[in-house]
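Overview (structure and organization)
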Amino acid sequence: MALEPEGNKLLLQDVLARPGNETCADCGNPEPDWASLTLGVFVCQACSLLHRSIPHISRVKSVQDTWDATEVELVAAMGNSAAKAKYEQKVPAFYYRPTHTDCKLLREQWIRAKYERNEFEFIEKQEPYSAGYREGFLWKRGRDNGQFLSRKFVLSEREGALKYFNKQDAREPKATMKIETLNATFQPAKIGNPCGLQITYLKDNSTRNIFVYHSDAKEMVDWFNSIRAARFHYLQVAFPGASDEELVPKLTRNFMKEGFMEKTGPKHTEGFKKRWFTMDDRRLMYFKDPLDAYARGEVFIGSKENSYTVLSGLPPSTQGYHWNHGITIVTPDRKFLFACETEAEQRDWIAAFQRVINRPMRPQEYAVEAHFKHKP
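Residues numbered from 1 in each chain as written. Predicted model: local features only at pLDDT ≥ 70, side-chain atom pairs only at ≥ 80, totals over all residues. Heavy atoms only, no water.

1. What about the state of the cysteines?
Heads up, the condition is: The disulfide criterion is simple: two cysteine sulfur atoms within 2.5 Å. For each residue, the accessible area found with a 1.4 Å probe, counting protein chains only, is set against the maximum for its type, and the residue is called buried under 20%, exposed over 50%, and partly exposed in between.
One pass over the full model with this rule turns up zero disulfides. Not engaged in a disulfide, the cysteine Cys47 finds its nearest cysteine sulfur in Cys44; these two sulfurs lie 3.7 Å apart. A relative accessible area of 1% means that Cys47 is categorised as buried.

Rendered as structure tokens:
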């Protein structure tokens, strides 16, 4: 009998080694070290904590613990591949599948959608985000006073727009955001709310930010996936020959990098000012405050083939900066000078700029570059 725990451990290791069980069933993190005995899946530590929030559905245990034969049989009978075939059988192409780098809200709602609500086994449960129309109230940050106020939002695929209204009975929307340029990204830390979502769109070729949240986590993730669904259907019409695999990465995007840097003006003689920078694809935007509605300026970052380069440091004659870790971006028009507080930040920003510059420009990006307004 003394050998039994050791024998169970070997059996468990054998089950873990099966194809599909080498990554977390929920976020894809390698080498999961926890399992759900009730669901029969192997998960990483971070996802195991989220499984604990649904104890009526999932009971988790570390693979390092002592297991009895019945427990090993439970996970051996299912495993990650079989669970995926069951719980993810009808995930819509547009539905966002979170990875281990995503915020807690997305990961928890994905786990609840799969195992608690069975949304991907019964298509009718997907109505909230796949109907092509959604309306409801979200808390929206006021542009001038920073207060969050309840606003009615309406997303309509037929009209090709997301609108919001300042008053409940208002006939005309306060803003109309075309699905064509719409993006949404969860920003819990920046907004100061676990359900905080940043929505961006283009207005006269300039980026406009809207910050919203809802107290109900499912409601917020449903809004996010509704936006993705609307973008997916818009792109299917715009690019009729494209496959789902080509379109899905274009639905929503996270910013490549954000943070504070110092900048100076076009003459390089003004003092450096601290600004919040957001790198969104080829647009480098800067704001006085991270939650500003409009950028103070936007810089287009092209490719090396088009004479864009990024250099570490600042020209020798530069003065007026407080932070010592400089970056120079050379464009066909002028040089942009920035300064970072730490060497690590400088390294990260240069890597982000380099990734963009190394990527050849797509035909439509030349049009963006041509229209681009280099603001002072």
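2. Regarding unusual backbone geometry
Leaving glycine out, the prevailing phi sign among residues is negative, and the prevailing peptide bond configuration is trans. Note the cut-off: Secondary structure elements follow DSSP: runs of H or I of four or more residues count as helices, runs of E of two or more count as strands, with numbering from the N terminus.
Here the phi dihedral of Asn118 falls at roughly 50 degrees; this positive angle occurs in a residue that is not glycine. The backbone of Asp281 shows a phi angle near 60 degrees, a positive value even though the residue is not glycine. With respect to the helices and strands, Asp281 occurs in the loop between β12 (273–280) and β13 (283–287).

3. What about the UniProt feature "domain: Arf-GAP" (unreviewed entry) in the chain?
Here is the rule: UniProt positions are given in the numbering used here, feature names are shortened, and annotations may be inferred rather than shown by experiment.
The UniProt record annotates "domain: Arf-GAP" (unreviewed entry) at residues 9–128. Along residues 9–128, the helical share is 40% and the strand share 8%, with 44 Å between the first and last C-alpha atoms.

4. As for the pairing of strand β7 (residues 175–178)
Selection criterion: If DSSP finds at least two bridges between two strands, the strands pair.
In β7, alternate side chains face the same way, and those of Ala175 and Met177 are buried while those of Thr176 and Lys178 on the opposite face are not. Inspection of the sheet shows strand β6 (residues 161–165) paired to β7 by four bridges, in the antiparallel sense. Paired with Ala161 across the bridge in β7 is Lys178.

5. Considering the domain arrangement of the chain
Defined as follows: Where each domain begins and ends is defined by an automated method or by a domain database. The contact rule is simple, with two residues in contact once any of their heavy atoms fall within 4.5 Å. Reported buried area values correspond to the accessible surface (1.4 Å probe) lost by two parts on association, with both partners' losses combined. Any carboxyl oxygen of Asp or Glu that lies within 4 Å of a side-chain nitrogen of Lys or Arg is treated as forming a salt bridge with it. Any pair of nitrogen or oxygen atoms within 3.5 Å is treated as a polar contact; in protein, a donor-acceptor pairing is required on top of that, and neighbouring residues in sequence qualify only through side-chain atoms on both sides.
Domain annotation of the chain identifies domain 1 (5–88), domain 2 (127–244) and domain 3 (257–374). Its C-alpha centre places domain 2 at a distance of 28 Å from the equivalent point of domain 3. On the side of domain 3, 15 residues touch domain 2, which itself brings 14 residues to the contact. Here domain 2 packs against domain 3, burying approximately 1,300 Å² in sum over the two surfaces, 43% of which is carbon and sulfur. A per-residue breakdown of the area domain 2 buries against domain 3 is headed by Lys190, Asn205 and Thr207, which together make up 42% of the total. Summed over the shared surface of domain 2 and domain 3, the number is one salt bridge. With a shortest N-O distance of 2.7 Å, Glu258 and Lys190 are connected by a salt bridge. Run the count over domain 2 and domain 3 and you get eight residue pairs in polar contact (both at pLDDT 80 or more).

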